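One-letter residues, chain by chain:
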Amino acid sequence: MNQRTAEEGRQFYEKILELMEEHHRFIASAIPLIASENVPSPAVREALTCDFGNRYAEGWPGERVYAGCKYIDQVELLAIELAKRVYNAEFADVRPISGVVANLAAYTVFASPRDVMMACSIPHGGHISHGKSKIGGTAGAVRGLEVVTYPFNIDDYEIDIDVTKKLVQDLARQGKPPKLFMLGASVFLFPHPVKEICEIAREVDGCVVYDAAHVAGLIAGGKFQDPLREGADAVTMSTHKTLAGPQHGMILSWNKYAEAIKRANFPGLLSNHHLHAVAGVAIALAEALAFYGEYAEQIIRNAKTLAQSLYERGFKVLYERRGFTESHTILVDISEFGDGSAIEKRLEECGIIVNRNLLPYDLKLGRNYMRPGGIRLGVQEVTRLGMKESEMKYIAELFKKALMDGLPAEKLRAEIAEFRAEYQKVHYCFSSLTDAYAYIRIR
Ligand SMILES: *Cc1c(COP(=O)(O)O)cnc(C)c1O
């Protein structure tokens, strides 16, 4: 290689490493409120750097088609045992490399191309992986399912069971009975009607899959609904939202579906399944077993407190009548201050990280997902950093200063960095020697 390319390579290399370190400083001094994120424990981060991540282990532990897996297999078996224990499940497959891949496995097991699948629409909290083909959703565009969205009562933010029942009967009469009923959402404020949907599904021989991506940590702590006990055939999830593990996925189910789920994952969807992440999931599940009763309870208390405090300051937090939320998430109509994209940007400049979100009534008002009328806030990460009710009131005050009082961004950013200095450790885990956002150099 000539001198010039070597020097260019070094410049790229330095730049990349510098950006990574800068990100760590940025996130350590901001208020992270994105509902799908979290900060894992130092032990989970350790797992992510271990040599498992450089190995292959196709197949099921003990039946691999590669040598060198003796320790990897033991860890994967412990992850499975822990998953079954934490969620009281007969069967667990910890191989899906993300929530979307777990959903694809479920679509493979419980439906075939051209079958009808019911799911929540995006403005009603649904996830793009449950989406129709015309919007590029995974269920429609990748698996070829015909997605029909649940009738939804936006006043109460819940699936309309009576209208759903009639719709399903109509579909059955047209020879298109839904094969799969997806539940779960990305704006998941209140438990879903799992029992009721199971009753409707049974009448047309359909199956019910509950996507717990957002609420997996709350369920692990016993503080949200228990979908398997309420009748779901399977539960899919991401392992890094309220569960606070590494970015990965998982499926829980019953023994009768075990072989079909295993086949869908391998050889269907996976070759290598990111073994360092499997180790991280195992650690997060052990932490869940020990600490998540308390963690989940504090998350929900914090979400309700933040909602109430924002509401008292004049923000339009949705669903006050239902207590705003029963989860980690709240939804706020910020349309009086600007569109979701502008508000997201303004808040980031001030040091508060949120994401814009469609409100249930946005499309009717001519708004779209790029410029929606709302923001979605999740308190799982700030709770993990040890924040409680009084800190939620302070965060509500910061929103007021940023959006109502128009304080200069630099001033707020400095105030927030100072406040954040006291919240640098991960809580609800066994050991926290290293700061939550410490950048670890091993080069
Ligand atoms: C986040 C999310 C997913 C996708 O998870 P990834 O792990 O990012 O693939 C799936 N379903 C729902 C409801 C989600 O919110």
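Residues numbered from 1 in each chain as written. Predicted model: local features only at pLDDT ≥ 70, side-chain atom pairs only at ≥ 80, totals over all residues. Heavy atoms only, no water.

Asker: Is there a simple way to explain the overall build of the protein in this structure?
Answerer: What the protein contains, in helices and strands, is 14 helices and 15 strands. Relative to its 443 residues, the protein shows a buried fraction of 56%. Taken as a whole, the protein presents about 19200 Å² of accessible surface, with 52% of it coming from carbon and sulfur. Treating the 52 positive side-chain charges of the protein as one cloud and the 56 negative ones as another, the clouds have centres 2 Å apart. (Helix = DSSP H or I, 4+ residues; strand = E, 2+ residues; numbered from the N terminus. Buried < 20%, exposed > 50% of the residue type's maximum accessible area, 1.4 Å probe, protein only. Areas by Shrake-Rupley, 256 points an atom, 1.4 Å probe, with all protein chains shown as cover. Lys, Arg positive; Asp, Glu negative; His and termini not counted. Charge placed at Lys NZ, Arg CZ, Asp CG, Glu CD.)

Asker: Would you mind going over the pairing of strand 12 (residues 329-333) with me for this structure?
Answerer: Each regular strand displays side chains that alternate between the two surfaces of the sheet. For strand 12, a buried count of five out of five residues is recorded, marking the element as mostly surrounded by other parts of the structure. Here strand 12 shows two buried faces, one formed by Thr-329, Leu-331 and Asp-333 and the other by Ile-330 and Val-332. In terms of strand pairing, strand 11 (residues 316-317) meets strand 12 through two bridges, oriented antiparallel. Bridge assignment links Lys-316 to a residue of strand 12, and that residue is Asp-333. Bridge count for strand 12 against strand 15 (residues 374-378) is five bridges, and the pairing is antiparallel. Across the sheet, Ile-330 pairs through a bridge with Leu-377, a residue of strand 15. (Pairing = 2+ DSSP bridges.)

Asker: Help me out: how do you make sense of the site of the ligand in this one?
Answerer: Surveying the vicinity of the ligand reveals 14 residues, the closest of which are Gly-99, Ser-186, Asp-211, Ser-238 and Lys-241. Within the contact set of the ligand, an oxygen atom lies 2.9 Å away from a backbone nitrogen or oxygen of Val-100. Take the shell around the ligand: its biggest share by element is three residues, from helix 4 (residues 99-110). Class assignment of the residues belonging to the shell around the ligand gives a composition of three nonpolar, nine polar and two charged. (Near = heavy atom within 4 Å. Polar contact = N/O pair within 3.5 Å; in protein donor to acceptor, adjacent residues only side chain to side chain. Nonpolar A, V, L, I, M, F, W, Y, C, P; charged D, E, K, R; others polar.)

Asker: Would you mind showing me how to read the domain arrangement of the protein here?
Answerer: Size of an interface: often given as the accessible area lost when the parts come together. Domain assignment breaks the protein into domain 1 (45-287) and domain 2 (292-420). If you average the C-alpha positions of domain 1 and of domain 2, the two centres end up 28 Å apart. Of the roughly 2300 Å² buried where domain 1 meets domain 2, counting both sides, 64% is carbon and sulfur surface. Its largest share of buried area at the contact with domain 2, domain 1 owes to Pro-123, Leu-189 and Phe-190, together 26% of the area lost on that side. Inspection of the domain 1/domain 2 interface yields four salt bridges. For the salt bridge of Lys-223 with Glu-297, the shortest nitrogen-to-oxygen distance reads 4.0 Å. For the pair domain 1 and domain 2, the number of links is 12 residue pairs in polar contact (both at pLDDT 80 or more). (Domains from an automatic or database assignment. Buried area = accessible area lost by both parts, 1.4 Å probe. Salt bridge = Lys/Arg side-chain N within 4 Å of Asp/Glu carboxyl O.)

Asker: Any chance you could explain the pairing of strand 10 (residues 249-253) here in plain terms?
Answerer: With respect to burial, strand 10 is a largely interior element, five of its five residues being buried. Taking every second residue as pointing to the same face, both faces of strand 10 are buried, with Gly-249, Ile-251 and Ser-253 on one and Met-250 and Leu-252 on the other. Alignment of strand 2 (residues 91-93) against strand 10, held across three bridges, turns out to be antiparallel. Directly across from Ala-92, in strand 10, lies its bridge partner Leu-252. Two elements, strand 9 (residues 234-238) and strand 10, share five bridges in a ladder whose sense is antiparallel. Bridge pairing links Thr-236 to Ile-251 in strand 10.

Asker: I tried to follow the nonpolar core on my own but got confused; where do I start?
Answerer: The nonpolar side chains of soluble globular proteins are, as a tendency, buried together. Ranked by internal contacts, the top residues of the largest apolar core, which has 131 residues, are Tyr-87, Phe-181, Tyr-210, Leu-252, Leu-310, Leu-377 and Phe-399. No other element matches the 14 residues that helix 10 (residues 275-312) contributes to this core. Both domains that furnish three or more residues to this core are identified here as domain 1 (45-287) and domain 2 (292-420). Not counting residues up to four positions away in its chain, the partners in contact with Leu-377 are Leu-33, Ala-35, Leu-306, Leu-310, His-328, Thr-329, Ile-330, Val-332, Val-354 and Phe-399. The next biggest cluster of nonpolar side chains, apart from the first, holds seven residues, and it includes Ala-47, Cys-69, Ile-72 and Ala-279. (Core = buried A, V, L, I, M, F, W, Y, C linked by side-chain atoms within 4.5 Å. Contact = heavy atoms within 4.5 Å.)

Asker: Sorry, what's going on with the pattern of salt bridges here?
Answerer: Where charged atoms from two side chains of opposite charge approach closely, those side chains can pair. Taken as a whole and assessed by the stated rule, the structure comprises 29 salt bridges. Its salt-bridge partner being Glu-397, residue Arg-313 comes within 2.6 Å of it at the nearest N-O pair. With Arg-313 in the loop between helix 10 and strand 11 and Glu-397 in helix 13 (residues 389-404), this pair connects stretches of sequence that are 84 residues apart. Exposure remark for Arg-313: the relative accessible area of 25% places this residue in the partly exposed category. Its salt-bridge partner being Glu-336, residue Lys-316 comes within 3.9 Å of it at the nearest N-O pair. Pair noted here: Lys-316 is in strand 11 and Glu-336 is in the loop between strand 12 and helix 11 (340-350), with a separation of 20 residues, a long-range link. A residue is classified by how much of its surface remains accessible, and Lys-316, at 43% relative accessible area, is partly exposed.

Asker: Would you mind showing me how to read the sheet that holds strand 12 here?
Answerer: By way of backbone hydrogen bonds, the strands of a sheet pair with one another, either parallel or antiparallel. Across the sheet, which stays open at both edges, the four strands sit in the order 11-12-15-14 with antiparallel pairing between neighbours. Whereas interior strands pair on both sides, the edge strands pair on one side only; in this sheet they are strand 11 and strand 14 (355-357). Pairing of strand 14 with strand 15, which is carried by three bridges, proceeds in the antiparallel orientation. Directly across from Arg-356, in strand 15, lies its bridge partner Ile-375. Sitting on the sheet, helix 10 touches strand 11, strand 12 and strand 15, and the angle it makes with strand 12 is about 15°. Packing of helix 11 onto the sheet brings it into contact with strand 14 and strand 15, and relative to strand 14 it is tilted by some 160°. (Axes fitted to C-alpha atoms, helices over the stretch in contact; angles between N-to-C directions.)

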